[in-house]
Amino acid sequence: MMIYNYDGSFDGLLTIIFVKYKEIGKCEISTQSNQVNFLESEFVETDLVKAERVISSIKANIGEEFFVNVFKVFKSNFAKREEVIAITIKSCLLYGRVYLGSSKKSAVKFREIVKSFNHEVHFYKGLARFREIQEGFLLAEIEPDHDSLMHITDHFLKRMPSEKFIIYDKNRKKASICINGTYEEVEILEMDAIETNDEKIFKEAWIGFYNSIGIDERKNHKLMVSNMPKKYWKYLPEKQSL
């Protein structure tokens, strides 16, 4: 089976879909690596013009919402996402949007990935905890499974347009820095955050309030874990003693 490699960019993947359209479904698509591969491979250079033609075709023939979901699948952590995207796009162009609701393998996987991505973004909209650090910034640290920083940030930009805040994705060592409605994504190997005195006082007050309203006899640890997996607890001060 032929392997088509690309530079890992979204435009690079769309270029492969344009150039190797007839081969989709009969090939593998992956980012270029240094690993030895005994299958025949070809590197496809990114072409922004060809990528834009694919984008225009998707929006005109399948719809804007589908294009948004394609990008979400691309930003997911699913290993074979490129092939799922390519096959789903080609199938929708051939058979129409009805393919998306079918029981075909790629359609089912496409829906599953979009659902997982949306669930994670929705979860962090309510879970992300901001704390005040140096220089008047608010900081939220997250560890999402998918590369969903952009989508999570977009939500908080709308909610806090006049604030200075940082959302740091620890898994990918990058952060969105937001100042008065502007947004920039940067690489940060380690976040050296220092909490302000006001933040420490507020945190102690919040933990005290949380503990005071809790009833020990009615605590249900199993239910807590069911509602919120323990991997998310590390950023919740009130959960540290549990």
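Here, the structure is the one placed above.
Residues numbered from 1 in each chain as written. Predicted model: local features only at pLDDT ≥ 70, side-chain atom pairs only at ≥ 80, totals over all residues. Heavy atoms only, no water.

K.L.:
Explain the pairing of strand β2 (residues 27–31) residue by residue, including any values.
P.N.:
Where strand β1 (residues 2–6) lies against β2, 5 bridges are found, and the strand directions are parallel. Residue pairing across strands places Tyr6 opposite Thr31, the latter belonging to β2. (Pairing = 2+ DSSP bridges. Helix = DSSP H or I, 4+ residues; strand = E, 2+ residues; numbered from the N terminus.)

K.L.:
Break down the side chain of Glu120 for me, citing the residues and quoting the values.
P.N.:
Its place among the elements puts Glu120 in helix α5 (residues 105–127). Look at Glu120 and you get buried, because its relative accessible area is 6%. For Glu120, the residues in contact, after removing those within four places along its chain, are Pro144, Asp145, His146 and Ser148. (Buried < 20%, exposed > 50% of the residue type's maximum accessible area, 1.4 Å probe, protein only. Contact = heavy atoms within 4.5 Å.)

K.L.:
Which residues make up the packing of helix α3 (residues 64–74) against α5, and what values do they have?
P.N.:
Each pair of packed helices gets described by two things: the angle between the helix axes and the distance between those axes. Remark: α3 packs on α5, axes separated minimally by 9 Å, with the N-to-C direction vectors making an angle of 80 degrees. Taken together, α3 and α5 sit at an angle that is classed as roughly perpendicular. Between α3, through Phe66, Asn69, Val70, Lys72 and Val73, and α5, the contact on the second element is made entirely by Phe110, Ile113, Val114, Phe117 and Asn118. Classifying every residue of the contact of α3 with α5 gives 7 nonpolar, 2 polar and 1 charged. (Axes fitted to C-alpha atoms, helices over the stretch in contact; angles between N-to-C directions. Parallel < 35°, antiparallel > 145°, perpendicular 65-115°, else oblique. Nonpolar A, V, L, I, M, F, W, Y, C, P; charged D, E, K, R; others polar.)

K.L.:
Any details on the nonpolar core? Residues and values, ideally.
P.N.:
One recurring pattern in soluble globular proteins is that nonpolar side chains are buried together. Core analysis: the biggest nonpolar cluster contains 34 residues, and Ile17, Phe66, Ile85 and Phe110 have the highest contact counts within it. Listing elements by their share of this core, those giving two or more residues are β1, α1 (10–19), β2, α2 (48–61), α3, α4 (81–95) and α5. Residues within four places of Ile85 in sequence aside, it is in contact with Leu13, Ile17, Val70, Val73 and Phe74. Of all hydrophobic cores here, the second largest spans 19 residues; its members include Phe117, Leu127, Leu149 and Phe165. (Core = buried A, V, L, I, M, F, W, Y, C linked by side-chain atoms within 4.5 Å.)

K.L.:
How would you summarise the sheet that holds strand β8 (residues 182–187) if you had to cite specific residues and measurements?
P.N.:
Strand order in the open sheet made by the 5 strands is β4-β5-β6-β7-β8, with mixed pairing throughout. Where the open sheet ends on each side, the last strands, each with one partner, are β4 (131–132) and β8. Pairing of β4 with strand β5 (residues 138–142) involves 2 bridges; the strand directions are antiparallel. Across the sheet, Glu132 pairs through a bridge with Leu138, a residue of β5. Helix-sheet contacts for helix α6 (residues 149–159) involve β5, β6 (164–169), β7 (174–179) and β8, and the interaxial angle to β6 is about 160 degrees.

K.L.:
Can you explain the sheet that holds β2? Please cite residues and give values.
P.N.:
Read from one edge of the open sheet, 3 strands run β2-β1-β3, paired in parallel fashion. Looking along the sheet, the strands with just one partner apiece sit at the ends: β2 and β3 (41–43). Across the sheet, the mean angle separating the axes of adjacent strands is 25 degrees when strand polarity is ignored. α1 rests against β1 and β2 of the sheet, and its axis sits at about 145 degrees to β1. On top of the sheet, α4 reaches β1 and β2; it is set at about 130 degrees to β2, its chief contact.

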